[in-house]
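Structural description and commentary
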Amino acid sequence: MEVVHISAECYPVAKAGGLGDVVGALPKYQNKAGIVAKVVMPMYRTPFLYSSSWVVDYKAKAFMGAWEFEYTIIKEANNKLGFDVYLVDIHGLLDRQKIYGYPDDTERFTAFQIAVVHWMSHWNHRPSVVHCHDYHAGLIPFMMQHCYDYQNLKEVPSVLTIHNAQYQGWMDWNKSTLIPRWDLSKKGLLDWGGSINPLAAAIKCARKVTTVSPSYMLELMHHANGLETLIASEKNKCVGILNGIDHEVWNPSTDNYLTEYFSVKTVTAGKQKNKQNICDQFGLDAAKPLFVFIGRLVGEKAADVLPGALHIAVQTYGAKASYVILGSGEPAVEAGLTNLALANNNCIKVSVGYNESLSHGLYAAADFLLMPSRVEPCGLNQLYAMRYGTVPMVRSTGGLQDTVIDMGDEGGYGIRFTHANETDIVQSIRRAVEVFENKKHLLWMRERMMQINHSWEQTVQSYTRVYDSI
Ligand code: ADP
């Protein structure tokens, strides 16, 4: 079986969040299971591009509207990732520093998708499955079925995985001419609420739709940023499959980003050494419980609630605990957190930006990881935290409720709360500070969660069942 994953991100080539982690791991473990899985993604100017060797696989011209553009497909030469990765180079459009956030993102990702479909239509064989990830690849099932030039791909089955339904890639109808000549009678497949909606189009056109956790699948029928009725009506082809984590990348016994490796047996001493290193770096006291938040500073993650909640926590508990926040996002949230850190310099530190190395150090060093997310399709941070013996403090939503059991419940090892508000977060910090004092219980929870198996091997089987069904 040959599966082509199409995605905007793939770790370590380019990553902005969980999508990158998943697309960097799933194909690797699929190949180990005997599936020929490959990844096609845009060529951005990332460090991985310059530190790897590439060979040109294909070069051609295609049209986006009236604009004829040249694209080049390059392939990583040394199988560095355990699967073939192909980059689509469209000069001037895709080859930029960042993955997202440009005013012409619609044109960038549309041209990317046109190039991918154009290229695949020139292969001398057909892949078994085209697996599209999020809206950046959402027009592909439609284009394979209803664009006149790609009719030789019409019968290729496609799967859509929704990593995050908040972002849908809306395009005004006046951009419909960007899509290569298509069957106008199929207009309804592109439309949702009066605009072209690539995510909705993929939900309609893909043979199967997966979400990254079972709870998120159910949630989407009620909260899907406008797609609720569509998801509900297509529910028979939808299935929730919980993400795995890449144990080769996220392993405290081998993680080169850490000061000190550790395992279940050495967790107490190992975490303390990593904590000392982080505390030295930030000027914090390593004897106090360390809370961290890692992620995008946006409403979805309830990052806007953090300044108020941490302010109350510091007022309530004084400087009994330390907090480190790593992330970037909405300017107002960044400013709120930075000001809070300035006012509480002895116990709150904020690092604005994206820093892979620091994130690994924080998962290892922290005692508690805060995730008050309003929306969390799967959430990988809590899984990494658990692997590194760090107690997850999560709002009960989406994948968080599928993966974290509250310490008050039988066999529980985490802290769960109901609302993304200051009261619930402060109350959870109180519970955390209490359990931090109970070293025996803390050690039991650390050992317990470090041994939970969230490996990709079992997840791969679930995806294989989906492919087999189509
Ligand atoms: P998202 O909704 O952002 O995809 P996930 O929990 O699925 O959330 O995945 C987040 C991934 O991005 C994790 O690997 C996390 O460690 C990483 N991450 C998020 N923000 C940062 C940051 N500022 N620096 C380093 N890594 C980050």
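Our subject in this report is the structure included herewith. These numbers were taken from a predicted model, which means no experiment stands behind them. (Residues numbered from 1 in each chain as written. Predicted model: local features only at pLDDT ≥ 70, side-chain atom pairs only at ≥ 80, totals over all residues. Heavy atoms only, no water.)

1. Some points on the packing of aromatic side chains
Each aromatic ring pair is specified by the distance between its two centres and by the angle formed by the two planes. Applied cut-off: Aromatic contacts are taken between Phe, Tyr and Trp rings whose centres are within 6.5 Å, Trp giving its six-membered ring; a plane angle under 30 degrees counts as stacked, one over 60 as edge-to-face, and the others as tilted. Counting from the N terminus, the helices are DSSP H or I runs at least four residues long and the strands are E runs at least two residues long. The buried label applies to any residue whose accessible area, calculated with a 1.4 Å probe on protein chains only, is under 20% of its type's maximum; exposed applies above 50%, and partly exposed to all values in between.
By the definition in use, this model includes 17 aromatic pairs. Pairing Trp250 with Tyr388 gives two aromatic rings, centres 6.2 Å apart and planes at 75 degrees, and the pair type is edge-to-face. Here Trp250 is found in the loop between strand E11 (238-240) and helix H9 (267-282), whereas its partner Tyr388 is found in the loop between helix H13 (381-387) and strand E16 (391-395), with 138 residues between them in sequence. Judged on exposure class, the residue Trp250 and its partner Tyr388 are both buried. Ring geometry for Tyr363 against Tyr384: centres 5.8 Å apart, planes inclined by 75 degrees, an arrangement best described as edge-to-face. Of this pair, Tyr363 sits in helix H12 (residues 356-365) while Tyr384 sits in helix H13, and the two are 21 residues apart along the sequence. The burial state of Tyr363 is the same as that of Tyr384; both residues are buried. Members of the aromatic cluster, joined through ring pairs, are Trp250, Phe262, Tyr363, Tyr384 and Tyr388.

2. A word on H12
What counts here: Between N or O atoms, a polar contact is any pair within 3.5 Å; within protein, one atom must be a potential hydrogen donor and the other a potential acceptor, and residues adjacent in sequence are included only when both atoms are from side chains.
Here H12 lies mainly inside the structure; 9 of its 10 residues are buried. Looking at H12, one finds that the buried residues are Glu356, Leu358, Ser359, His360, Gly361, Leu362, Tyr363, Ala364 and Ala365. Structurally, the start of H12 carries an N-cap: the backbone nitrogen of Ser357 is 3.2 Å from a side-chain oxygen of Asn355.

3. A closer look at the sheet that holds strand E10 (residues 208-211)
Applied cut-off: Strand pairing is defined by DSSP finding a minimum of two bridges between the two strands. Where helices are involved, their axes are fitted lines through C-alpha atoms of the stretch in contact, as for all axes, and angles between N-to-C directions lie from 0 to 180°.
Spatially, the 9 strands line up as an open sheet ordered E3-E4-E5-E2-E1-E6-E7-E10-E11, and their pairing is mixed. Pairing within the sheet leaves two strands with one partner each, and these edge strands are strand E3 (54-64) and E11. For this sheet, the mean angle separating the axes of adjacent strands, direction not counted, is 20 degrees. The pairing of strand E1 (residues 2-6) with strand E6 (residues 129-133) spans 4 bridges and is parallel.

4. Topic: helix H15 (residues 422-437)
Note the following rule: Expected span of a helix, by definition, is 1.5 Å for each gap between consecutive residues, and there is one gap fewer than residues.
In this model H15 runs 23 Å from its N-terminal to its C-terminal C-alpha over 16 residues, within 8% of the 22 Å that 1.5 Å per residue would give. Among the residues of H15, Asp424, Ile425, Val426, Ser428, Ile429, Ala432, Val433, Val435 and Phe436 are the ones counted as buried.

5. What to know about the pattern of salt bridges
So the rule is basically this: What makes a salt bridge here is a side-chain nitrogen of Lys or Arg within 4 Å of a carboxyl oxygen of Asp or Glu, nothing more.
Within the structure shown, the criterion is met by 21 salt bridges. Note that Arg45 and Asp95 form a salt bridge whose closest N and O atoms lie 3.4 Å from each other. Here the residue Arg45 occupies a position in the loop between strand E2 (36-42) and helix H2 (47-50), and Asp95 occupies one in the loop between strand E5 (84-89) and helix H3 (105-121), the gap between them amounting to 50 residues. A relative accessible area of 33% places Arg45 in the partly exposed class. Several salt bridges converge on common partners, so that one network encompasses Lys28, Lys32, Asp246 and Glu248.

6. Brief notes about the nonpolar core
Quick reminder of the rule: In these notes, a set of buried Ala, Val, Leu, Ile, Met, Phe, Trp, Tyr and Cys residues joined through side-chain atoms within 4.5 Å is what counts as a nonpolar core. Segment limits for the domains were obtained from an automatic or database-derived domain assignment.
Ranked by size, the top nonpolar core spans 89 residues in total, and within it Phe291, Tyr323, Ile348, Met393 and Ile429 carry the most contacts. No other element matches H15, which puts 7 residues into this core. When residues of this core are assigned to domains, at least three map to each of domain 1 (2-244 + 457-469) and domain 2 (267-450). Listed in part, the 82 residues of the second largest apolar core include Ile6, Cys10, Phe48 and Tyr71.

7. Description of the site of the ligand
Put simply, the rule is: Any residue with a heavy atom lying within 4 Å of a molecule or strand is counted as near it. Accessibility throughout is a Shrake-Rupley quantity obtained with a 1.4 Å probe, and a residue counts as covered only by protein chains that appear here.
Taken together, 20 residues are adjacent to the ligand, and Lys15, Gly18, Asp21, Lys301 and Tyr363 come closest. Residue Gly353 places a main-chain N or O atom 2.9 Å away from a nitrogen atom belonging to the ligand. Contact with the protein chains hides 93% of the accessible area of the ligand, taken as 560 Å² for the molecule alone. Elements that contribute at least two residues to the shell around the ligand include exactly helix H1 (18-32), strand E13 (322-327), H12 and H13. Per element, the largest residue contribution to the shell around the ligand is 3 residues, and it comes from H12. When residues of the shell around the ligand are assigned to domains, at least three map to each of domain 1 (2-244 + 457-469) and domain 2 (267-450).

8. Points about the packing of H1 against helix H17 (residues 456-469)
Using the following cut-off: Put simply, angles under 35 degrees are roughly parallel, angles over 145 are roughly antiparallel, angles from 65 to 115 are roughly perpendicular, and the rest are oblique. Should any heavy atoms of two residues lie within 4.5 Å, those residues are counted as being in contact. When residues are grouped by polarity, Ala, Val, Leu, Ile, Met, Phe, Trp, Tyr, Cys and Pro land in nonpolar, Asp, Glu, Lys and Arg in charged, and all others, Gly among them, in polar.
Here H1 crosses H17 at 80 degrees, and the two axes come no closer than 9 Å. Taken together, the axes of H1 and H17 lie roughly perpendicular to each other. Across from Val22, Ala25, Leu26, Tyr29 and Gln30 in H1, the residues of H17 making contact are Trp456, Glu457, Val460, Tyr463 and Tyr467. Of the residues in the contact of H1 with H17, the class split is 8 nonpolar, 1 polar and 1 charged.

9. Some points on the pairing of strand E15 (residues 368-371)
The condition that has to hold: With its strands directed away from the observer, a crossover is right-handed exactly when the path from the first strand over the helix to the second travels clockwise.
Because side chains alternate across E15, one face comprises the buried residues Phe368 and Leu370, and the other comprises Leu369 and Met371, equally buried. For strand E12 (residues 290-294) and E15, the ladder comprises 2 bridges, and the chain directions are parallel. In the sheet register, Val292 faces E15, and the bridge partner there is Leu369. Bridge count between E15 and E16: 4 bridges; the pairing is parallel. Bridging across to E16, Leu369 finds its partner in Pro392. The β-α-β motif built from E15, the intervening H13 and the parallel element E16 has right-handed crossover chirality.

10. Some words on the state of the cysteines
Think of a disulfide as a covalent bridge from one cysteine sulfur atom to another cysteine sulfur atom. Selection criterion: Note on disulfides: each one is a pair of cysteine sulfur atoms within 2.5 Å.
Scanning all chains against the criterion turns up 0 disulfides. Cys205 supplies the cysteine sulfur nearest to Cys132, a cysteine that is in no disulfide, at a spacing of 10 Å. A relative accessible area of 0% means that Cys132 is categorised as buried. No disulfide involves Cys238; its sulfur sits 13 Å from that of Cys205, the nearest cysteine. Residue Cys238 is classed as buried on the basis of its relative accessible area of 13%.

11. Observations concerning the side chain of Ser322
Relative to the helices and strands, Ser322 resides in strand E13. The buried category is assigned to Ser322, whose relative accessible area is 1%. In contact with Ser322, not counting residues within four places along its chain, are Leu284, Asp285, Lys288, Pro289, Leu290, Phe291 and Cys347.

12. Side note on the environment of Ile179
Inspection of the secondary structure puts Ile179 in the loop between strand E7 (158-162) and helix H5 (187-190). Ile179 sits 40 residues away from Leu139 along the chain, and the two C-alpha atoms are 8.7 Å apart. Not counting residues up to four positions away in its chain, the partners in contact with Ile179 are Leu139, Met143, Cys147, Leu190 and Ile196.

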